[in-house]
Amino acid sequence: GTHFDFVLFDCCLMAGVEVAYQMRNMCDYIIASPTEIMSKGVICGELIAPSFSTETEQAARSICEVYMRHVRNDAGFYNSGCISAVKTSELENLANICNDIYSRRRDTIPTINPAAVQPYFRGKQHWFYDFGDFVRRLCRNGDGTQDESYGLFQAAMDKAVIFKDTTPYFLDVTINRYSGLSTYIPRMTCPTLNSYYKSLDWNRATGFIR
């Protein structure tokens, strides 16, 4: 029954739109990374002061800024990091817009080549892709222009993701597009994952997988 000002995930691959939406009623803000977190973690002494800021949204932004400053000051292997802060009260509007997009573009979803979408995973765990890049490709018309619904989506994302920052690379993954949130892309070869996905609040709200 506890409602938190914010939840900070010091663990890998948690900045998924599915995670954020599942936790929308548990906290006001979520701070997480769509990629892995390096072994040093996100916790450091400098995060304590902004954590107790009187204004929660600014505290969430400041925590992200401190984290990325530490990442950029690291050398070599550790100079890799992605972080975002999500305002959970904006997620219902985002879900409504995605419900409309997914409904109208249902036949297009299976045609999106996951290999062309910005990845956040390493190795063969093909489960985490950039949410904004996926929807951008989904809303592309045959002549290469963007459907007007993409503008609505981007506006909703700008309100929901209040902070996002990334290094140009996360280890061996090049970050060309960064919306601050990841998404799962359904695959015919993953029936168990697809079936489980249907139980998530995000899928119930958007009808992504039917």
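Described in the following lines is the structure provided in the data block.

About the thresholds
- Residues numbered from 1 in each chain as written.
- Predicted model: local features only at pLDDT ≥ 70, side-chain atom pairs only at ≥ 80, totals over all residues.
- Heavy atoms only, no water.
- Helix = DSSP H or I, 4+ residues; strand = E, 2+ residues; numbered from the N terminus.
- Rg over C-alpha atoms; globule rule 2.2 N^0.38 Å.
- Buried < 20%, exposed > 50% of the residue type's maximum accessible area, 1.4 Å probe, protein only.
- Contact = heavy atoms within 4.5 Å.
- Areas by Shrake-Rupley, 256 points an atom, 1.4 Å probe, with all protein chains shown as cover.
- Lys, Arg positive; Asp, Glu negative; His and termini not counted.
- Charge placed at Lys NZ, Arg CZ, Asp CG, Glu CD.
- Core = buried A, V, L, I, M, F, W, Y, C linked by side-chain atoms within 4.5 Å.
- Pairing = 2+ DSSP bridges.
- Axes fitted to C-alpha atoms, helices over the stretch in contact; angles between N-to-C directions.
- Polar contact = N/O pair within 3.5 Å; in protein donor to acceptor, adjacent residues only side chain to side chain.
- Expected span 1.5 Å × (residues − 1).
- Arc of directions from axis to C-beta.

The number of helices and strands found in the chain is eight helices and eight strands. Computed over C-alpha atoms, the radius of gyration of the chain comes to 17 Å, within 12% of the 17 Å expected from 2.2 N^0.38 for 210 residues, which places it in the range of a compact globule. Its C-alpha atoms put the chain at 50 × 40 × 35 Å along the principal axes. The proportion of buried residues among the 210 residues of the chain is 50%. Expressed as a percentage of contacts within the chain between residues at least 6 apart in sequence, the contacts between residues at least 24 apart total 68%. Just so you have it, the chain exposes about 10,300 Å², and 52% of that area is on carbon and sulfur atoms. Within the chain, one finds 21 positive and 23 negative side-chain charges whose respective centroids are separated by 6 Å.

Next up on the list: the nonpolar core. Ranked by internal contacts, the top residues of the largest apolar core, which has 52 residues, are L94, Y102, F131, F134, V135, F153 and W202. If you list the elements that add at least two residues to this core, you get α1 (17-22), β2 (27-32), β3 (82-87), α4 (91-104), α5 (131-138) and α6 (148-160). Ranked by the residues each element gives to this core, the list is headed by α4, at seven residues. In this structure, F131 is in contact with V17, L94, C98, Y102, F153, M157, S179, L181, S182, T183 and W202, ignoring residues within four places of it in sequence. By size, the runner-up hydrophobic cluster in this structure holds 17 residues, among which are F6, L47, A85 and F163.

Sheet architecture is open: four strands sit in the order β1-β2-β3-β5, paired in mixed fashion. With partners counted over all chains shown, the strands left at the sheet margins are β1 (4-8) and β5 (161-166), one partner each. Recorded for the sheet is a direction-independent mean angle of 10° between the axes of neighbouring strands. Bridge count for β1 against β2 is four bridges, and the pairing is parallel. When the sheet's bridge partners are listed, F6 is paired in β2 with Y29.

Turning next to the side chain of R105. In this fold, R105 is placed in the loop between α4 and β4 (129-130). One polar contact links the side chain of R105 to the main-chain carbonyl oxygen of L138, over a distance of 3.4 Å. Look past the residues within four positions of R105 in its chain and what remains in contact with it is L138, C139, R140, N141 and D147.

For the rest of this paragraph, the subject is unusual backbone geometry. We note that L13 has phi near 60°; this positive angle belongs to a residue other than glycine. Take L13: it is sitting in the loop between β1 and α1. Residue L13 is classed as buried on the basis of its relative accessible area, which comes to 19%. Phi at L171 is positive, roughly 55°, even though this residue is not glycine.

Turning our attention to α6. Between its first and last C-alpha atoms α6 spans 19 Å; for 13 residues at 1.5 Å apiece the expected length is 18 Å, and the two agree. Within α6, burial applies to S149, Y150, F153, A156, M157 and A160. Viewed along the axis of α6, the buried residues span an arc of 125°, placing them on a single side of the element. In α6, the exposed residues that point more than 90 degrees away from the buried face are E148, L152, D158 and K159.

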